[in-house]
Each structure stands twice: as structure tokens, then as C-alpha cells.
Amino acid sequence: MKSLRAINSKWSDPEVQVRFLEREGAHEHIPFFHSKLQDHGIGLLKTDRPSILQVNIGYQCNQTCKHCHVDAGPDRKEKMSEEIMEDCIRALETGCFEMLDITGGAPEMHSGFRRFVARAASTPVAEIVVRSNLTILMANPVYADLPEFFKMYGVRVCSSLPFYSSTKTDRQRGEGVFMKSIKALKMLNAVGYGMGVDGLRLDLVYNPSGAFCAAPQDQLEKEFKSVLEKDYGIYFDRLLTINNVPVSRFLDFLIESGNFEDYLDKLVQNFNPATLAGLMCRNTVSVDWQGRLFDCDFNQMLQLPKQVEGMDHIRNFSKEKFRDKKIITGRHCFACTAGLGSSCQGAVV
Amino acid sequence: MDTYYNPADLKKFSAIADWDKNLAEKFFAWYGEVFKPGELTAREKSLIALAVAHTIQCPYCIDAYTQDAVERGTTEKQMMEALHVAAAIRGGASLVHGVQMMEKAKKISM
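Only a predicted model underlies this, so the values are computations on that prediction, with no experimental measurement involved.

Parameters and conventions
- Counting of residues starts from 1 at the beginning of each chain's written sequence and follows it residue by residue.
- Going through the entries in the order they are written, you letter the chains from A and number the ligands from 1.
- Where local features are concerned, this predicted model is filtered to residues with pLDDT of at least 70; where side-chain atom pairs are given and counted, the filter is 80 or more; whole-chain, interface and lining totals use all residues.
- With hydrogens and water excluded, all non-hydrogen atoms of the structure serve as input to the side-chain values.
- For this analysis, residues touch if any pair of their heavy atoms sits within 4.5 Å.
- Accessible area, probed at 1.4 Å, shrinks when two parts are joined; the buried area is that loss added up over both.
- Think of a salt bridge as a Lys or Arg side-chain nitrogen and an Asp or Glu carboxyl oxygen that are within 4 Å of each other.
- Under this definition, polar contacts are N or O atom pairs within 3.5 Å; protein pairs additionally need one hydrogen-donor-capable and one acceptor-capable atom, and for neighbouring residues in sequence, both atoms have to be side-chain atoms.
- Secondary structure counts use DSSP, requiring at least four H or I residues in a row for a helix and at least two E residues in a row for a strand, with both numbered from the N terminus.
- In this classification, the charged set is Asp, Glu, Lys and Arg, the nonpolar set is Ala, Val, Leu, Ile, Met, Phe, Trp, Tyr, Cys and Pro, and all remaining amino acids, among them Gly, are polar.
- Any two strands are treated as partners once DSSP identifies two or more bridges connecting them.
- Lines fitted to C-alpha atoms define the axes, with helix axes restricted to the stretch in contact, and inter-axis angles between N-to-C directions lie between 0 and 180 degrees.
- Only Phe, Tyr and Trp rings are paired, with Trp represented by its six-membered ring, and only when their centres lie within 6.5 Å; those with planes under 30 degrees apart are stacked, over 60 edge-to-face, the remainder tilted.
- With a 1.4 Å probe rolled over the protein chains alone, any residue whose accessible area is under 20% of its type maximum counts as buried; one over 50% counts as exposed, and the rest are partly exposed.
- A ring has a charge above it when a Lys NZ or an Arg CZ is no more than 6 Å from the ring centre and no more than 35 degrees off the ring normal.
- Grouping buried Ala, Val, Leu, Ile, Met, Phe, Trp, Tyr and Cys residues that are joined through side-chain atoms within 4.5 Å yields what is termed a nonpolar core.
- pLDDT measures the predictor's confidence residue by residue and takes values from 0 up to 100.

Caption draft 1: Summary view of the interface of chain B and chain A. Counting residues at the interface gives 10 residues for chain B, matched by 17 residues for chain A. For the pair chain B and chain A, the summed buried surface comes to about 1,000 Å²; carbon and sulfur atoms form 43% of the total. One can count five salt bridges joining chain B with chain A. With its nearest N and O atoms 3.3 Å apart, the salt bridge here joins Lys-266 of chain A to Glu-71 of chain B. Taken together, the connections running from chain B to chain A amount to nine residue pairs in polar contact (both at pLDDT 80 or more). Ranked by residues supplied to the side of chain B that touches chain A, first place goes to helix α3 (residues 59-71) of chain B with three residues. Taken together, the residues of the side of chain B that touches chain A sort by class into one nonpolar, four polar and five charged.

And the structure:
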């Protein structure tokens, strides 16, 4: 499978995606997100206190997953410069972030990844999270020592694993990915990750493998733990459920498979106003490879930047300017407000 | 009406209250209570519903409980096994009447 960009699909263009999602008069049963907020007596969704700096250091990946909202893949060359990484470090040094969340692509493929983690570890940030696709640990011998590297800096590892069986996992992420992921998890367990060792937290990330929402996080976590332990002797800490957001490749899948209207309708029917207080966009600063700021990684992929005067780049980030500002929303936001809610940190309520 | 079954009608289920609010409210309250986790988990109840949906051959129920089962992480093999249980009971119910058939045939035969 190739990225949408590699095959010149129109859905690789963020403008085309936004135009489709936000068409006036289209999608008969799907309201605009801001209209739904108004129905619940909520005006604008606004930012709160910044606590998470989520940095997307590049779109290159060794996998090409069917649901990827980044449209990541081996062909993507966009990557953050060392200079912008240093801008991120300076933002961390202000002490206003509790967490650095490093994502991609496969962030480990960035040549400056290890230096970035080491530099971040010397800042006041309390927690460094790396979003790892697991198979990268076996993609090349140069990545085989990553578990030890993560351990050295007390990195929390968030690993994608859409299901505890090969059928669903491979269907979403590629042939053979499940068994490679199992081997990678064993490597992480072997150095203490997921084994109850303080500071070595291993979380799994569950994305539904199709046009449906995630089941309750606690229920799925019990099943994942039970099956992975029984069948493979694998241990982890928490399962984080994330609903697929209709952006990029997942949007393409929804449209091509005739599921778009039904999926969006389901998200709308399950709109839960109790999720609004805990949405990640309220306390996250999302930074793209060029240093530009967004309310979340999904807005980043739709090229919907933050609209805060004097704060368009991580270089000029300030926590005072961040607070109480309008969050850019669209119909894609219904994925985060459905049911128990969805975020990069799992269910919201 | 183009077809007897319209997928869009499933979303209008609650409209049955338009003609009898009292009974509809009682039904939906009871229905909601039935599917709450009890001695059986919500997932087990969902799987029973999926099997029964096939036995009564209700397309709305098959649609709803297939979606529900997949969302709950029920595997494809588990779903198919549940269907075979339903089908086995259904098939068995036909075959067990064969005893009645045989008794009757014996009775009227010399």
C-alpha cells in the first residue's frame, strides 16, 4: 500500500478534505460541529491551561496503515529540522508543559530523534511519551536497542496495536505486522516495560479497525490483558482507545467503502457534552515539522492552524497567549466527542 | 415504498412512541435495562442478541447487533460460532419434530 500522496489521490490535499467535510447543505443528517455545541448551549470551544506539547517530528514511517490520519509512509520525507527541535526544547524549558508527546510517522526514524529525547530529558518536563508503531524495532538492526534507549530516559512508550489478533491487526496495518508487534512487545517487556517497574510505562493504543467506534476502554483493556498474557505472555499498563477521525486515509476509506454518512451519523448520535471539558485540544499544543502550531494532530493534517495573534510558531509560544483562545473545530471533531470521548490519552470521561 | 425493509427505518425506531407514548416508553426502558451488564456481561448479551437476530431473521437487528458486536471487540470467529449455535437450535428444533412425524407415521401404518 502507498500513501495517498504517492498515488496522487485528491484526498491527500487537506483543502479538498476540509471542503468535503464542511460543505454547506451536504451530509443531510450531519450538523456542523459548532451548531451541535450551540444546541447544547455552548458557544465557542476554548483553550485552557497548556500541559501537553505534542510534537510531530516527521511523516516518514516504515508502515502504511489504512486508517492513518497522517498519510504517513516510507515515501514521506517531511521532517523537523534540528533548529525547530531546539525551539521545542526552549518551549519545554519554560516549565509550562507536564508532558512532551513525540509522534510522527515513526518518530524513531528521524535522525535527530535520540538527541531530541535526550535534550528534552534535561528540561523540567515531567513525562516524555513516544508513539511507537512497534514494528520499527525490527525494521532495521539500528533500532534494536530502542527499548534500552527508552529505558535510559524513562520514556513512556505508547504503542499501536489495533487488536489482539493477527486478522484485524494485519488488515489495518499490513501483512505480518501483528507478529512483529508481538516480538517488539516482548523486547519491551524484557527490559521492564509494562512489568510494573516504576517509570517504565507501556501503553497500547487501540484504533477500531473499521467504520465503528471504540468499545469502552476498561472492557477492552481487560480483554487485551487477558489474551495477550495467556496467548503470548505479554504485559502492558493501560489500553488507550482512540476513535478514528475522518481525516486523510481514514476519510478516504469511509468514502470509498460507502460508510462516510453512517459513521459520521453514529458519531453525532453519540455526541456526549460531558467529553468537552476533557478534550485534548484544550490543553495540547500540537507542533508540526515546520514548527507551526495547531490545536491537535488532526487539525495539523487538515492544515487548520491555531489562530492566535502573535503565536503562529513554537518559537513564539507563550502560555499566556495560549489560554482562553478559540479552538478551530469542524465535523471531524465529532470523533473526539462520541461516547466516552477520544483523545491521544485515550477515553476522555 | 420501494422495499419492505428500509435501513433508514432503524434510526426511526423511537417513532413508535408517536402512536403510543406510554407503551413505547415502557418498552424502551425495559429494553435498556435488559442490556445492562448483570450476571452476563454487556458483550455476552450483545452476542446472544446477534444470534437471536439471525434466528428471527430481523435485518434491523442483524445490522444493529453486528455493529455492536464488532465495536465490542467480538471476534469474527466468535460471531460465527454464535450463529452456528442459533442455527443448530433452529435445525434441531425442526429435526426433533421428526420424532412426532415418526410416531404419527407408525401409528397410522400397519
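Resuming the write-up.
Caption draft 2: Summary view of the side chain of Arg-249 of chain A. All names here are of chain A. Within the fold, Arg-249 resides in helix α10 (residues 248-256). In terms of polar contacts, Arg-249 uses its side chain to reach the backbone carbonyl oxygen of Cys-65, at 2.7 Å. Each residue touching Arg-249, except ones within four places of it in the same chain, is listed here: Met-1, Ser-3, Leu-4, Thr-64, Cys-65, Lys-66, His-67, Cys-68, Asp-71, Ala-72 and Gly-73.

Caption draft 3: Structural detail: the sheet that holds strand β6 (residues 239-241) of chain A. All names here are of chain A. One open sheet accounts for eight strands, arranged β6-β5-β4-β3-β2-β1-β7-β8; its pairing is mixed. Each edge of the open sheet carries a strand with a single partner, namely β6 and β8 (293-294). Pairing of strand β1 (residues 52-56) with strand β2 (residues 99-103) involves five bridges; the strand directions are parallel. Counted as the bridge partner of Asn-56 is Thr-103 from β2. Taken strand by strand, helix α8 (residues 177-190) contacts β4 (156-160) and β5 (202-206), and its axis lies near 155° from that of β5.

Caption draft 4: Looking closely at the packing of aromatic side chains. Per the counting criterion, the structure on display carries 26 aromatic pairs over all chains. Relative to Phe-334 of chain A, the ring of Phe-271 of chain A has its centre 6.2 Å away and its plane inclined at 80°; by these criteria the two rings are edge-to-face. Remark: Phe-334 of chain A occurs in helix α14 (residues 334-337) and Phe-271 of chain A occurs in the loop between α11 (260-269) and β7 (284-287); sequence separation between them is 63 residues. Taken individually, Phe-271 of chain A and Phe-334 of chain A each receive the classification buried, so the pair is uniform in this respect. Ring-pair connections join several aromatic residues into one group, and the members of that group are Phe-13, Phe-27, Phe-28, Trp-30, Tyr-31, Phe-35 and Tyr-65 of chain B. Above the face of the Phe-149 of chain A ring, Arg-114 of chain A is positioned so that its terminal group lies 5.2 Å from the ring centre. Here the guanidinium or amino end of Lys-225 of chain A rests over the ring plane of Phe-236 of chain A, the centre of that ring lying 5.4 Å away.

Caption draft 5: A look at the pattern of salt bridges. Residues and elements named next belong to chain A. Per the stated rule, a full pass over the model turns up 33 salt bridges over all chains. Arg-5 is paired through a salt bridge with Glu-78; the nearest N and O atoms lie 3.0 Å apart. Here Arg-5, found in the segment before α1 (14-21), pairs with Glu-78, found in the loop between β1 and α3 (82-93); they are 73 residues apart in sequence, far enough to count as distant. For Glu-78, a relative accessible area of 13% corresponds to the buried category. Close ionic contact of Arg-115 with Glu-86 constitutes a salt bridge, the shortest N to O distance being 3.5 Å. With a gap of 29 residues between them, Arg-115 in helix α4 (residues 113-121) and Glu-86 in helix α3 connect regions that are remote in the sequence. Among the residues examined, Arg-115 registers a relative accessible area of 43% and is labelled partly exposed. In the salt-bridge network here, residues are joined through shared partners; they are Arg-5, Asp-71, Arg-76, Glu-78 and Arg-249.

Caption draft 6: Region of interest: the environment of Cys-336 of chain A. Residues and elements named next belong to chain A. Secondary-structure assignment places Cys-336 in helix α14. Distance from Cys-336 to Thr-275, taken between C-alpha atoms, is 7.9 Å for residues 61 residues apart in sequence. When neighbours within four sequence positions are excluded, Cys-336 is seen to be in contact with Thr-275, Leu-279, Gly-341 and Ser-342.

Caption draft 7: Inspection of the environment of Gln-17 of chain A at higher detail. Considering the arrangement of structural elements, one finds Gln-17 of chain A in helix α1. For the pair Gln-17 of chain A and Glu-78 of chain A, spaced 61 residues apart in the sequence, the C-alpha separation amounts to 20 Å.

Caption draft 8: Summary view of the nonpolar core. Residue and element names in this part refer to chain A. If you look at the biggest cluster of nonpolar residues, it comprises 113 residues, and the most contacted ones within it are Leu-53, Leu-100, Phe-150 and Phe-224. Look past the residues within four positions of Phe-150 in its chain and what remains in contact with it is Glu-108, Phe-113, Val-130, Val-155, Val-157, Leu-188 and Tyr-193. Ile-52, Val-129, Cys-158 and Val-205 belong to the second-largest nonpolar core, a separate cluster that totals seven residues.

Caption draft 9: The arrangement of the confidence of the model for chain B in detail. Averaged over chain B, the pLDDT score is 94; the fraction of residues at 70 or greater is 99%. Across the assembled chains, the prediction reports ipTM 0.70 with pTM 0.90.

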